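Structure at a glance
Letter by letter, the chains look like this.
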Amino acid sequence: MLRLLAAVLLVLDPGGPRGEGFQDDRTAGVKLENSDIVITGNGARGGTGDGYRIKRPCWYEPGPDGAQMAQTQELLRARWFSQNPRGTEAQFQEFLKQFKDKVGQEGRWWKPAYNNADPGGYACWGGLEPFVWVPPGTTPPAGITLEELVQIARAALTVPEPQIKLNPDAKSYVNLPTWVWIDGIGTTRRSVTASLPGVMSATVTAQLKDIEIKSGTTADRAEVKEDCGSSGRPYVRGGQFTCGVRYLRASIDQPRGVYVLTVNTVWPVEVDNDVVPFAYDPIEAGGTRDVPVGEVQSNVRG
Amino acid sequence: MRRWLLVLLLAAGCGQADKPYTPRQAAAPPAASEEAGATPTPTVETVRLGPELSVGIDWPAGADLALLKGFTDLYLDSWRAVQTGDDGYLDRVEGAAAAEAHAWVRGFRGAKVRGQARLYALNVRAVVGDGAEVGACVDESGLRLLSRTGRELARQPAWTRGPYLQAVVLRRDDDGGWRVKDFRHDLKGCA
């Protein structure tokens, strides 16, 4: 009821802000507008991207044929007059003529789309025409290409943020191996497919290959073991220490009394079937843990 | 150009853009070369749209004036349309924005406004090819909605209570001018 009342008040109030509301959190990733492109795959859900941006964040996509477009535009008569408040019937018929002229011809109308997650996507879309007639077998300037479809899939690709596991967990000691591994990753292969149904499709895949460990201090204070495989080595009692950090000095003199250990996961990215020759930088995702390191105290009794 | 002769521009140094307008601070309007390019320093302009309505515009230094005016001219012309019925604002819009601008003006149904609005934090958010996005904070808390008989309404619209962010996307037309193609807003964008 309150919502209805608010809606009525909004209708009654003239003036004020115009257009749809938006949250200005555009940085990267993919949020398609006016697009028929379908994004699928386990790499498109959850996780974090790496800020990869599509080179041109707007494009034309194939749309209806001549007959479909002419029919649609005739039905949108009321919309045309709302968008052309000074328009006359003769002008509307002139507008329709460009569509009627294409009925029966080979080709399609292409329409503009954009990536609304890109800071320049909305502006880019602003520079495109509302529709472009394209003969068969050709791509218009700014028409979507397979290369751009790969870029869209790449921009949508995310990897999970790793949970850093340590042993010992709460506090370590000088010369004691601190084992490092990661958890919460799930599958180590993440893919995204961007498809323009009936036209083309592209898939990119990231495979967790490596983790990188930074001790948070200089080499004379810590020794890093990096034979970690793809996700580190969970602690095994009596096992061989190959992945983690052995701190050689206590952290008491460090800011906040801790070393800040960093772990990055490294996910090389490939384009499936090499549909276009691309070499992407790996996606990296990581985190930090505070590691307090104490001296081992020993009492000698005489 | 005529508007530029009518308006009063304040030459202001950095950090002075928020100063309220006083006539004694009036300075000469920008030279033609400045109009075409960018304002060299922040300036405050007051545009009178009638005896009871004006709009203050805080022009930032160094911004693309032609692009920003794509936004501000539509804003000013929209209020002119409300006050006088002049539909010149329709020359500054196209597509969905034309429908929205027209509905916005018609929404007043003959009612008028009184007071001063202010545009500040004008900025070109992106320019890509022949498209651009411009945003500004719109403060209409100094306006009051009047009835058709000219009396101030007891219940004022929500937009008189605080500033909001208004963004537009513009398209460069064949003559090199900019026309507004779409609107967006964020009610909390200027809080």
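Scope of this entry: the structure provided in the associated data block.

Details of the overall build of chain B
Looking only at helices and strands, chain B features four helices and nine strands. Across chain B, helices and strands are ordered from the amino to the carboxyl terminus as α-β-β-α-β-β-α-α-β-β-β-β-β. Taken across its 191 residues, chain B has 50% of its residues classed as buried. When the accessible surface of chain B is split by element, carbon and sulfur atoms take 52% of a total near 8,900 Å².

Overview of the sheet that holds strand β16 (residues 269–271) of chain A
Residue and element names in this part refer to chain A. The four strands are arranged β3-β10-β11-β16 in an open sheet whose pairing can be described as antiparallel. At either margin of the open sheet sits one strand with a lone partner, and together these are β3 (38–40) and β16. Adjacent strand axes in the sheet meet at a mean angle of 15 degrees, parallel and antiparallel pairs treated alike. Looking at chain direction, β3 and strand β10 (residues 189–196) are connected through three bridges and run antiparallel. Note on β10: the bridge partner recorded for V38 is S195.

Comments concerning the sheet that holds strand β17 (residues 283–291) of chain A
Two strands in a sheet stick together by hydrogen bonds in their backbones, pointing the same way (parallel) or opposite ways (antiparallel). All names here are of chain A. Taken in spatial order, the three strands make up an open sheet running β12-β15-β17, and their pairing is antiparallel. Unpaired on one side and paired on the other, β12 (210–214) and β17 mark the two borders of the sheet. Each adjacent strand pair in this sheet contributes to an overall mean axis angle of 20 degrees, direction not counted. Strand direction decides the pairing type here: β12 and strand β15 (residues 259–267), joined by five bridges, are antiparallel. The residue of β15 that forms the bridge with K214 is T262.

Some remarks on the interface of chain B and chain A
Interface size is commonly expressed as the accessible area that is lost once the parts come together. Counting residues at the interface gives 43 residues for chain B, matched by 31 residues for chain A. Contact with chain A buries surface across chain B, with W104, R184 and H185 of chain B losing the most and accounting together for 22% of the total. At the junction of chain B and chain A, the tally comes to four salt bridges. Across the pair E129 of chain A and R171 of chain B runs a salt bridge, and its minimum N-O distance is 3.3 Å. Inspection of the chain B/chain A interface yields 18 residue pairs in polar contact (both at pLDDT 80 or more). Secondary-structure elements contributing two or more residues to the side of chain B that touches chain A are α4 (96–106), β5 (113–128), β6 (131–139), β8 (164–172) and β9 (178–186) of chain B.

Quick word on the state of the cysteines
All names here are of chain A. By the definition in use, this model includes three disulfides over all chains. Each sulfur of the disulfide joining C228 and C243 lies 2.1 Å from the other. On the sign convention where negative means left-handed, the S-S torsion of about 95 degrees between C228 and C243 marks this disulfide as right-handed. In this pair, C228 sits in the loop between β13 (222–226) and β14 (243–247) while C243 sits in strand β14, placing the two residues 15 residues apart along the sequence. As far as the burial class goes, C228 and C243 line up, both buried. Bonded cysteines in chain A are paired 1-2, 3-4 when counted in the order they occur along the chain.

Looking at the side chain of E148 of chain A
Residue and element names in this part refer to chain A. You can see E148 is positioned in helix α6 (residues 146–156). Its relative accessible area of 9% is what places E148 among the buried residues. Within the local environment of E148, its side chain forms a polar contact with the side chain of R56, the two groups lying 2.7 Å apart. Filtering out sequence-adjacent residues up to four positions away, E148 remains in contact with R56 and G143.

Some words on the nonpolar core
Counting 59 residues, the largest nonpolar core has I37, I144, I152, V204, I213, Y247 and L261 of chain A as its most contacted members. It is α6 of chain A that contributes the most residues to this core, six residues altogether. Excluding residues that lie within four positions of it along the chain, V204 of chain A makes contacts with V150, A153, R154, L157, R190, S191, V192, V269, E270, V271 and D272 of chain A. By size, the runner-up hydrophobic cluster in this structure holds 44 residues, among which are L68, L145, V168 and V180 of chain B.

Notes on α4 of chain B
The periodicity of an α-helix, 3.6 residues per turn, causes residues three or four places apart in sequence to face the same way. Every buried residue belonging to α4 of chain B is among A97, A98, A99, A101, W104 and V105 of chain B, and all of these are buried. In this structure, the buried residues of α4 of chain B make contact with α3 (77–83) of chain A together with α3 (65–84) and β9 of chain B.

What about a negative patch on the surface?
All names here are of chain A. Together, E212, E226, D281 and E284 give the surface a local cluster of negative charge. Tracing the backbone shows E284 in strand β17. Look at E284 and you get partly exposed, because its relative accessible area is 41%.

Cut-offs applied
- Residues numbered from 1 in each chain as written.
- Chains lettered and ligands numbered in written order.
- Predicted model: local features only at pLDDT ≥ 70, side-chain atom pairs only at ≥ 80, totals over all residues.
- Heavy atoms only, no water.
- Helix = DSSP H or I, 4+ residues; strand = E, 2+ residues; numbered from the N terminus.
- Buried < 20%, exposed > 50% of the residue type's maximum accessible area, 1.4 Å probe, protein only.
- Areas by Shrake-Rupley, 256 points an atom, 1.4 Å probe, with all protein chains shown as cover.
- Pairing = 2+ DSSP bridges.
- Axes fitted to C-alpha atoms, helices over the stretch in contact; angles between N-to-C directions.
- Contact = heavy atoms within 4.5 Å.
- Buried area = accessible area lost by both parts, 1.4 Å probe.
- Salt bridge = Lys/Arg side-chain N within 4 Å of Asp/Glu carboxyl O.
- Polar contact = N/O pair within 3.5 Å; in protein donor to acceptor, adjacent residues only side chain to side chain.
- Disulfide = S-S within 2.5 Å.
- Core = buried A, V, L, I, M, F, W, Y, C linked by side-chain atoms within 4.5 Å.
- Patch = residues over 30% accessible without salt bridge, like charges linked within 9 Å, V, L, I, M, F, W, Y side chains within 5 Å.
- Lys, Arg positive; Asp, Glu negative; His and termini not counted.
- Charge placed at Lys NZ, Arg CZ, Asp CG, Glu CD.

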